[in-house]
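A structural walkthrough
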Amino acid sequence: MRISDSAYDALKFISIYCIPSIATLWLTIGQVWNLPYTVEIGTTISAIGVCIAGCIGLSTAAYEKALKEEHEGISDDE
């Protein structure tokens, strides 16, 4: 799976900064205010972040493989 550079950058930003911050905020506020399903919602938010990180990892692996194949194809022709 390959994604565009702009999508990659956005997903990486979201998975590194936004989702962990939102999960931490929810878990903290939920415990302080005794909100229902605090742990369940916090865990779900974290799971979404892990899923996005997995997609980023797959995309990175596909991109690096394509670069390697492209590089090997160029050096074989010369």
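Read on for an overview of the structure. (Residues numbered from 1 in each chain as written. Predicted model: local features only at pLDDT ≥ 70, side-chain atom pairs only at ≥ 80, totals over all residues. Heavy atoms only, no water.)

1. A look at the side chain of Thr38
With respect to the helices and strands, Thr38 occurs in helix H2 (residues 38-77). A distance of 2.7 Å separates a polar atom in the side chain of Thr38 from the backbone oxygen of Leu35. Excluding anything up to four places from it in sequence, Thr38 contacts Trp26, Leu27, Gly30 and Gln31. (Helix = DSSP H or I, 4+ residues; strand = E, 2+ residues; numbered from the N terminus. Polar contact = N/O pair within 3.5 Å; in protein donor to acceptor, adjacent residues only side chain to side chain. Contact = heavy atoms within 4.5 Å.)

2. Topic: the nonpolar core
Residues Ile19, Ala23, Ile45, Ile52 and Ile56 constitute the largest nonpolar core, which totals five residues. Secondary-structure elements contributing two or more residues to this core are helix H1 (5-32) and H2. Among the elements that take part in this core, H2 stands out by supplying three residues, more than any other. (Core = buried A, V, L, I, M, F, W, Y, C linked by side-chain atoms within 4.5 Å. Buried < 20%, exposed > 50% of the residue type's maximum accessible area, 1.4 Å probe, protein only.)

3. Describing H1
Look at H1: 40 Å from first C-alpha to last across 28 residues, which is about the 40 Å you get at 1.5 Å a residue. Ile14 marks where H1 bends most, by close to 40°. Immediately beyond the C-terminal end of H1, within one or two residues, lies Asn34, with a positive phi of roughly 55°. (Expected span 1.5 Å × (residues − 1). Bend = angle between axes of the 7 residues up to and from the residue.)

4. So, the environment of Ile41
By secondary structure assignment, the location of Ile41 is in helix H2. Here Ile41 falls in the partly exposed class, since its relative accessible area comes to 33%. A C-alpha to C-alpha distance of 8.2 Å links Ile41 and Leu27, two positions 14 residues apart in sequence. If near-sequence neighbours (up to four positions away) are discounted, Ile41 is found in contact with Trp26 and Pro36.

5. Thoughts on a nonpolar patch on the surface
On the surface, Leu25, Ile29, Val32, Trp33 and Leu35 cluster together to form a nonpolar patch covering roughly 520 Å² of accessible area. Structurally, the position occupied by Leu35 is in the loop between H1 and H2. A relative accessible area of 32% means that Leu35 is categorised as partly exposed. (Patch = residues over 30% accessible without salt bridge, like charges linked within 9 Å, V, L, I, M, F, W, Y side chains within 5 Å. Areas by Shrake-Rupley, 256 points an atom, 1.4 Å probe, with all protein chains shown as cover. Salt bridge = Lys/Arg side-chain N within 4 Å of Asp/Glu carboxyl O.)

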